[in-house]
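A closer look at the structure
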Amino acid sequence: MSDAPGFAPFEEVGIAERDKPPFIRLPLPETLFGLRAMRFAALAPGHQLEPYLSFLAALSKAQDELARTLPPPALPTLGELRMRAANAMPLLPREDLADDPAASAALDGLAKLLAGVAMPDLARAALERAMAVDDEGRRAMFAAVLADAIPVEAVAEHIFAAAALQVVAARCVAQLDPLLPQPVADGVCPCCGGPPVTSSIVADVNVEGVRYVQCSLCAAQWNHVRVKCVTCGSTKGIAYQAIEGIADTIKAETCDECRTYVKILNRRKDTELEPVADDIASLGLDLLVTEAGWKRAGVNPFLLGY
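Source: prediction; values computed, not measured. (Residues numbered from 1 in each chain as written. Predicted model: local features only at pLDDT ≥ 70, side-chain atom pairs only at ≥ 80, totals over all residues. Heavy atoms only, no water.)

Turning to helix α2 (residues 50-69), a few remarks are in order. For α2, spanning 20 residues, the distance from its first C-alpha to its last is 29 Å, which sits close to the expected 28 Å at 1.5 Å a residue. Every buried residue belonging to α2 is among Tyr-52, Leu-53, Phe-55, Leu-56, Ala-57, Leu-59, Ser-60, Ala-62, Gln-63, Asp-64, Leu-66 and Ala-67, and all of these are buried. Next to the buried residues of α2 lie α1 (29-43), α4 (101-114), α5 (121-132), α7 (155-173) and α8 (275-281). (Helix = DSSP H or I, 4+ residues; strand = E, 2+ residues; numbered from the N terminus. Expected span 1.5 Å × (residues − 1). Buried < 20%, exposed > 50% of the residue type's maximum accessible area, 1.4 Å probe, protein only. Contact = heavy atoms within 4.5 Å.)

Our next topic: unusual backbone geometry. Residues other than glycine seldom take positive phi values, yet Asp-148 does so here, at roughly 55 degrees. Following the sequence through the fold, Asp-148 ends up in the loop between α6 (135-146) and α7. According to the relative accessible area criterion, Asp-148 is partly exposed, its value standing at 37%.

Okay, the nonpolar core next. Counting 77 residues, the largest nonpolar core has Leu-59, Phe-160, Cys-191, Cys-218, Ile-280 and Phe-302 as the members making the most contacts within it. For this core, the element with the highest residue contribution is α7, accounting for 14 residues. Apart from the residues lying within four places of it in its own chain, the contact partners of Phe-302 are Tyr-52, Leu-56, Leu-59, Gln-63, Ile-159, Ala-163, Gln-166, Val-276 and Ile-280. Of all hydrophobic cores here, the second largest spans eight residues; its members include Ile-250, Ala-252, Leu-285 and Val-289. (Core = buried A, V, L, I, M, F, W, Y, C linked by side-chain atoms within 4.5 Å.)

Inspection of every chain in the model, using the stated rule, returns 14 salt bridges. Residues Arg-36 and Glu-274 are paired through a salt bridge, measuring 3.1 Å at the closest nitrogen-oxygen approach. Of this pair, Arg-36 sits in helix α1 while Glu-274 sits in the loop between β7 (260-266) and α8, and the two are 238 residues apart along the sequence. The two residues Arg-36 and Glu-274 agree in class, both being buried. Two residues, Arg-296 and Asp-279, come together in a salt bridge whose shortest N-O distance is 2.5 Å. With a gap of 17 residues between them, Arg-296 in strand β8 (residues 295-296) and Asp-279 in helix α8 connect regions that are remote in the sequence. Using a relative accessible area of 21% as the deciding quantity, one classes Arg-296 as partly exposed. Owing to a relative accessible area of 0%, Asp-279 belongs among the buried residues under this scheme. (Salt bridge = Lys/Arg side-chain N within 4 Å of Asp/Glu carboxyl O.)

Tracing the chain through its elements places Ala-58 in helix α2. Sequence separation between Ala-58 and Met-83 is 25 residues, and the spatial gap between their C-alpha atoms is 40 Å. In this structure Ala-58 touches Leu-114 and Val-117, once residues within four positions along its chain are discounted.

Moving on to the packing of α4 against α6. For any two helices packed against each other, one specifies the inter-axial angle together with the distance between the axes. The geometry of α4 relative to α6 is characterised by a closest axis approach of 11 Å and an angle of 100 degrees between their N-to-C directions. By the angle between their directions, the pair α4 and α6 is classed as roughly perpendicular. Of the residues in α6, those in contact with Ala-103, Ser-104, Leu-107 and Asp-108 of α4 are Arg-138, Met-141 and Phe-142. Classifying every residue of the contact of α4 with α6 gives four nonpolar, one polar and two charged. (Axes fitted to C-alpha atoms, helices over the stretch in contact; angles between N-to-C directions. Parallel < 35°, antiparallel > 145°, perpendicular 65-115°, else oblique. Nonpolar A, V, L, I, M, F, W, Y, C, P; charged D, E, K, R; others polar.)

And the structure:
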């Protein structure tokens, strides 16, 4: 049984292969967003961010429906994919999505699915603004999300653009041969080139205790050595920060070399943890660590307004 919901299960392998965890875990878009919606809904009651978490549960549910209805994605030729892998390049460069008609179609589809969904007035107004822009404005929104350069004054409408892009990217990456992606660089998704959102210690029977970093855009997960900075690759000056008195299932792995941190979720202790939802629900940890002088390396487009 797979440890991470929404991801393909590991196959049983021989003893010799158990020392070689799969480098890539590709997302399963048909379950990824639905399970995320359930986690948001479970985290919301009584939380300080309850209204926002409830809204994100509805947004994730709409992403789930969208992922099931969009037409099959178009991929580059196998030859092109192999060329990119051989040259340590992301197989499906995320910046290409800004001009992809599929992204615009996904945003339209998301807006239709959210038409009858209850949401805060500010969110409804942001969705209306996002849908009111012309083609060039829409492309600019997508480009800003993909470049992690969302304008502070327009975070709300970009949340919907990011949600649409997540669905398109996950569906594209899910079609890849899992043996094709190769390491690109520290903190870079081998599939789309996106930054991480969080990392997790998994509990699968064949790779228990292995660490995977999850992409903030396409949700692919790649294997990363434990006690090693996700951002710069350093093994020196690594420490783990947590909020005193709170369950230590989520910690911030800090690096004194580059002064950044990425959260690490321990799914061996809590299998319900979800990289995107629990990242937002643990915002207090971000505040603690950033006040102590570290910069967040993980990116969560739904967390930019906080």
